[in-house]
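Spelled out, the chains give:
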Amino acid sequence: MGQVAFTLDQQITLLTEREMNFEGYTTEKIKEVLGDIGYYRLGFYWHDFFDSVNEKFLPNTKFSTIVDQML
């Protein structure tokens, strides 16, 4: 059996724990983006900003930078 999907709130919590900077975004807007685009798809765009050894984003990685790359 596959893994259970995280809720949007759980995704936001995970990104926050990994030090994603959500400056300028409300919780509702973050949920909208994650709901429309998806956590997995966004992962392709934040891959270069993620330190897999420490499992944290590089300092000052902004959610807006990741989203803007997609446009």
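Relevant structure appears above.
Source: prediction; values computed, not measured.

Student: How would you explain the overall build of the protein chain if you had to name every residue and give the values?
Tutor: Regarding its fold elements, the protein chain presents four helices and two strands. Taken from the N to the C terminus, the helices and strands of the protein chain come in the order α-α-α-β-β-α. The C-alpha atoms of the protein chain give 12 Å as radius of gyration, which agrees with the globular expectation for 71 residues (11 Å, within 12%). In terms of overall dimensions, the protein chain has a C-alpha envelope of 35 × 30 × 20 Å along the principal axes. Per-residue burial for the protein chain yields a buried fraction of 28% across its 71 residues. Considering only contacts within the protein chain whose residues lie at least 6 apart along the sequence, 54% involve residues at least 24 apart. Here the protein chain contributes 6 positively and 11 negatively charged side chains, and the mean placements of these two sets differ by 2 Å.

Student: Got a sec to walk through unusual backbone geometry? Specific residues and values, please.
Tutor: With a phi close to 70 degrees, glutamate 19 is a non-glycine residue in the positive phi region. For glutamate 19, the position within the fold is in the loop between helix H1 (8–17) and helix H2 (27–37). One non-glycine residue with positive phi stands out, namely glutamate 55, at about 55 degrees. Tracing the sequence through the fold places glutamate 55 in the loop between strand E1 (50–51) and strand E2 (56–57).

Criteria and thresholds
- Residues numbered from 1 in each chain as written.
- Predicted model: local features only at pLDDT ≥ 70, side-chain atom pairs only at ≥ 80, totals over all residues.
- Heavy atoms only, no water.
- Helix = DSSP H or I, 4+ residues; strand = E, 2+ residues; numbered from the N terminus.
- Rg over C-alpha atoms; globule rule 2.2 N^0.38 Å.
- Buried < 20%, exposed > 50% of the residue type's maximum accessible area, 1.4 Å probe, protein only.
- Contact = heavy atoms within 4.5 Å.
- Lys, Arg positive; Asp, Glu negative; His and termini not counted.
- Charge placed at Lys NZ, Arg CZ, Asp CG, Glu CD.

Taken by themselves, the reported measurements are silent on function.
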